[in-house]
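Structural features, examined
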Amino acid sequence: MDIQKFYVLGTGTMGNGIVQVAAQTGFDVTAVDINQDLLDKAKAMIGKNLGRMVKKEKISQEDADAALNRITFTTEPDFGQADFVVEAVSENPDLKDKIFKKLDEECKEGVILASNTSTISITRLAANTNRADKVIGMHFMNPVPMMKLVEVINGLKTSDETYKVVDELAKKMGKIPILVNDYPGFVSNRILMPMINEAVYALMEGVAEVEAIDGVMKLGMAHPMGPLRLADLIGLDVCLAIMEVLFTDLADTKYRPCPLLKKMVASGDLGNKTGKGFYDYTEDPKNPVARTVR
Ligand SMILES: NC(=O)c1ccc[n+]([C@@H]2O[C@H](COP(=O)([O-])OP(=O)(O)OC[C@H]3O[C@@H](n4cnc5c(N)ncnc54)[C@H](O)[C@@H]3O)[C@@H](O)[C@H]2O)c1
């Protein structure tokens, strides 16, 4: 595997974690977003995360500095230099279609194009390119530096060679890859997201309040985090986008997005990233207060 120049498109919740882990595991990373403010935010977040690891003596200050120095933040990438690309832009099928078309035009022949999409078909994204055998899903989990799993998704035309490279790459990044096939939601979100959506229905129908719903799932099912708190962490807009793909592509009403989830997204309260979701993070982000939402 001859991959050194590792490009990441999108430096939001997921992108900045992928950038950090790739830099920590020795790749020269180019982090791309649409404006300088977002890049500055991502850089500050990565600096803070690395600083925390130094404080906990998980890594040395030299390692943290070296990782940061391996990252270039830019709004004007030269994709012709890339050895590998992971796309982690917003979960919007039309946007991702355009990006895969552009990446195919600008990247060297043979470069693998991976997507961190939560639900959008890898086969569909690949159809925008002339290298469908080199398009694959590389679905990192949130928060990327902490979570071990990478769900690797083979599209209909993904080659075995591409899968092997990505499997090896994920291991080099300290992750454990698991291979799945390309169906809506893959395995992770096919199972996780209907559970979260059902928790929002339970809240909407007044079955219980936010803390009670999360408490039942934490104490009773040994989940480390309740479904509503997890929804805030993932981003309510991302949760809704995933439910919409499951609903449309599996054409089954059991996947209909909860109206309260839709209302929350319309209000702009998207969870941790905006300061408010099912919990309020504005006073103390580590100890958020459950909100009353109807
Ligand atoms: N949030 C999660 O827990 C989670 C988990 C696994 C996978 N995902 C997937 O990861 C992807 C990113 O999700 P996120 O939660 O990080 O979203 P986010 O909204 O936090 O970040 C998306 C970023 O993409 C940037 N962007 C938009 N258009 C762009 C373009 N043309 N070029 C470069 N950057 C662009 C945005 O400015 C933003 O910074 C989505 O496909 C999502 O489904 C999310």
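Keep in mind it's a predicted model, so treat the numbers as computed, not measured.

Notes on unusual backbone geometry
Glycine aside, the phi torsion of most residues is negative, and most peptide linkages are trans. Each neighbour pair has its own omega, and for Asn142 with Pro143 the value is 0 degrees, a cis peptide bond. Structurally, Pro143 can be placed in the loop between strand 6 (135-140) and strand 7 (149-154). The backbone of Glu57 shows a phi angle near 60 degrees, a positive value even though the residue is not glycine. Assignment of secondary structure puts Glu57 in the loop between helix 2 (36-55) and helix 3 (61-69). With relative accessibility at 71%, the residue Glu57 sits in the exposed group. Located in the positive-phi region is Ala251, a residue other than glycine, with phi close to 50 degrees.

Re the sheet that holds strand 2 (residues 28-32)
Note on sheets: strands pair through backbone hydrogen bonds, and any given pair is parallel or antiparallel. Within the open sheet, the 8 strands sit side by side as 3-2-1-4-5-6-7-8. Their pairing is mixed. The two strands at the open ends of the sheet, each matched to only one other strand, are strand 3 (71-74) and strand 8 (176-181). Here the strands of the sheet are splayed against their neighbours by 25 degrees on average, with no regard to which way each runs. Relative to the sheet, helix 4 (residues 93-106) contacts strand 1 (5-9), strand 4 (84-87), strand 5 (112-115) and strand 6, its axis offset from that of strand 5 by approximately 165 degrees.

Things to note about the domain arrangement of the protein
For the protein, the assigned domains read domain 1 (5-181) and domain 2 (190-290). The straight-line distance from the C-alpha centre of domain 1 to that of domain 2 is 26 Å. Tallying the contact residues gives 6 residues for domain 1 and 8 residues for domain 2. Across the domain 1/domain 2 interface, buried area totals approximately 590 Å², and carbon plus sulfur atoms make up 66% of it.

Considerations on the pattern of salt bridges
Under the criterion given, the structure shown has 14 salt bridges. Measuring nitrogen to oxygen at the nearest pair gives 3.6 Å for the salt bridge that ties Lys96 to Glu91. For the pair shown, Lys96 and Glu91 are each scored as buried. Lys101 is the partner of Glu105 in a salt bridge, and the nearest nitrogen-oxygen pair spans 3.7 Å. Of the two residues, Glu105 and Lys101 are both situated in helix 4; the distance of 4 residues between them amounts to about one turn of the helix. With relative accessibility at 46%, the residue Lys101 sits in the partly exposed group. One salt-bridge network, in which partners are shared between bridges, spans Glu87, Glu91 and Lys96.

Brief notes about helix 9 (residues 227-234)
The buried fraction of helix 9 amounts to 6 of the 8 residues, a majority that puts the element mostly inside the structure. Those residues of helix 9 that sit buried are Pro227, Leu228, Leu230, Ala231, Asp232 and Ile234. In this structure, the buried side of helix 9 is in contact with helix 7 (188-204), helix 8 (210-221), helix 10 (236-250) and strand 9 (279-280). Where helix 9 terminates, the next one or two residues include Gly235, which has phi positive at roughly 110 degrees.

Side note on the nonpolar core
If you look at the biggest cluster of nonpolar residues, it comprises 39 residues, and the most contacted ones within it are Phe6, Ile18, Phe84, Met138 and Met173. For this core, the leading source of residues is helix 1 (residues 13-24), giving 6 residues. Those residues within four positions of Met173 in sequence are excluded, and the remaining contacts are Phe6, Ile18, Val21, Ala22, Thr25, Phe27, Met138 and Phe140. With 29 residues, the next largest nonpolar core counts Val210, Ala231, Ile234 and Leu260 among its residues.

Here's the deal with the environment of Gln61
Note that Gln61 resides in helix 3. On the basis of relative accessibility, which here comes to 40%, the residue Gln61 falls in the partly exposed class. Considering only alpha carbons, one finds Gln61 and Leu50, 11 residues apart in sequence, at a separation of 8.6 Å.

Quick word on the packing of aromatic side chains
Overall, the coordinates contain 4 aromatic pairs when judged by the stated rule. Arranged with centres 5.3 Å apart and planes meeting at 50 degrees, the rings of Phe6 and Phe27 form a pair that is tilted. Of this pair, Phe6 sits in strand 1 while Phe27 is found in the loop between helix 1 and strand 2, placing the two residues 21 residues apart along the sequence. Relative accessible area serves as the criterion here: at 0%, Phe6 is assigned to the buried category. Their ring planes at 55 degrees and their centres at 6.5 Å tell us that Tyr279 and Tyr281 sit as a pair that is tilted. Residue classification places Tyr279 among the buried residues on the basis of a relative accessible area of 6%. Looking at Tyr281, the relative accessible area reads 5%, which means it is buried. Put simply, the rings of Phe6, Phe27 and Phe84 pair up and form one aromatic cluster.

Calculation rules
Residues numbered from 1 in each chain as written. Predicted model: local features only at pLDDT ≥ 70, side-chain atom pairs only at ≥ 80, totals over all residues. Heavy atoms only, no water. Helix = DSSP H or I, 4+ residues; strand = E, 2+ residues; numbered from the N terminus. Buried < 20%, exposed > 50% of the residue type's maximum accessible area, 1.4 Å probe, protein only. Pairing = 2+ DSSP bridges. Axes fitted to C-alpha atoms, helices over the stretch in contact; angles between N-to-C directions. Contact = heavy atoms within 4.5 Å. Domains from an automatic or database assignment. Buried area = accessible area lost by both parts, 1.4 Å probe. Salt bridge = Lys/Arg side-chain N within 4 Å of Asp/Glu carboxyl O. Core = buried A, V, L, I, M, F, W, Y, C linked by side-chain atoms within 4.5 Å. Phe/Tyr/Trp six-rings, centres within 6.5 Å; stacked < 30°, edge-to-face > 60°.

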